[in-house]
Amino acid sequence: PIKAAKRELYEETGISSVKILVESQSWFSYNLPQNIQSKLWGGRYMGQKQKWFALKFTGSEDEINLKAFHKPEFSKWKWMVPESILGQIVSFKKDLYKQVLDEFKTLLN
């Protein structure tokens, strides 16, 4: 999972300058709403199961490039405090993000 997390981070953001602080003890999952299941991932998947990591970014912001490797998954980025994140998440992933933030809360404080 660590190797996959670093690869995904790099492919989606261009970021490779990170230090892993902690790995989640749990795996987290979500299901896509039925109305979009057929539209994403060729309709082959109902959701995802994910392992999460808390990372420290050790690079500079000019390393961040959302369009570097393939069709971008994100249109923009910004640094946020943990308390603000849930207001930016699509509704079907909010419970997952609450669980992740709760698991990492001692690190985030």
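Residues numbered from 1 in each chain as written. Predicted model: local features only at pLDDT ≥ 70, side-chain atom pairs only at ≥ 80, totals over all residues. Heavy atoms only, no water.

(A) Structural view of the overall build of the protein chain. Secondary structure summary: the protein chain contains five helices and two strands in total. If you list the helices and strands of the protein chain from N to C, you get α-β-α-β-α-α-α. By principal-axis analysis of the C-alpha atoms, the protein chain measures approximately 40 × 35 × 25 Å. For the protein chain, long-range pairs separated by at least 24 residues make up 62% of all intrachain contacts whose partners lie at least 6 apart in sequence. With the model as given, the accessible surface of the protein chain reaches about 8200 Å², and the carbon-plus-sulfur share is 51%. Placing the 17 positive and 12 negative side-chain charges of the protein chain at their respective mean positions leaves the two points 4 Å apart. (Helix = DSSP H or I, 4+ residues; strand = E, 2+ residues; numbered from the N terminus. Contact = heavy atoms within 4.5 Å. Areas by Shrake-Rupley, 256 points an atom, 1.4 Å probe, with all protein chains shown as cover. Lys, Arg positive; Asp, Glu negative; His and termini not counted. Charge placed at Lys NZ, Arg CZ, Asp CG, Glu CD.)

(B) Local environment of the environment of E11. Along the chain, E11 falls in helix α1 (residues 2-13). Discounting residues that sit within four places of it in the chain, E11 has contacts with F69 and H70.

(C) Just the pattern of salt bridges, in detail. Applying the stated criterion across every chain, the model contains four salt bridges. Here E8 makes a salt bridge to R7, at a shortest N to O gap of 3.8 Å. Of the residues examined, E8 reaches a relative accessible area of 32% and is grouped as partly exposed. Salt bridges sharing partners connect three or more residues here, namely R7, E8 and E11. (Salt bridge = Lys/Arg side-chain N within 4 Å of Asp/Glu carboxyl O. Buried < 20%, exposed > 50% of the residue type's maximum accessible area, 1.4 Å probe, protein only.)

(D) The arrangement of the nonpolar core in detail. Listed in full, the seven residues of the largest apolar core are F28, Y30, L32, A54, L96, V100 and F104. At the level of secondary structure, the elements contributing two or more residues to this core comprise β1 (18-31) and α4 (94-103). Excluding residues within four positions of it along the chain, V100 makes contact with F28 and W52. (Core = buried A, V, L, I, M, F, W, Y, C linked by side-chain atoms within 4.5 Å.)

(E) The arrangement of α1 in detail. Counted at 1.5 Å a residue, the expected span for α1 with its twelve residues is 16 Å, and the 16 Å between its end C-alpha atoms agrees. After α1 finishes, the residue G14 shows a positive phi value of roughly 80°. (Expected span 1.5 Å × (residues − 1).)

(F) Structural view of the packing of aromatic side chains. Applying the stated criterion across every chain yields a total of five aromatic pairs. A ring pair is formed by Y10 and F69, whose centres lie 4.6 Å apart and whose planes are at 45°; its orientation type is tilted. Separated by 59 residues along the polypeptide, Y10 in helix α1 and F69 in the loop between β2 (47-57) and α3 (82-85) bring together distant segments of the chain. Overall, Y10 belongs to the partly exposed group, its relative accessible area being 37%. Seen in terms of ring centroids, W77 and W79 are 5.3 Å apart; in terms of plane orientation they differ by 80°. Their pairing is edge-to-face. (Phe/Tyr/Trp six-rings, centres within 6.5 Å; stacked < 30°, edge-to-face > 60°.)

(G) Looking closely at the environment of F74. Within the secondary structure, F74 sits in the loop between β2 and α3. Along the chain, F74 and L40 lie 34 residues apart, while their C-alpha atoms are 15 Å from each other. Apart from the residues within four sequence positions on either side, F74 is in contact with E12 and L66.

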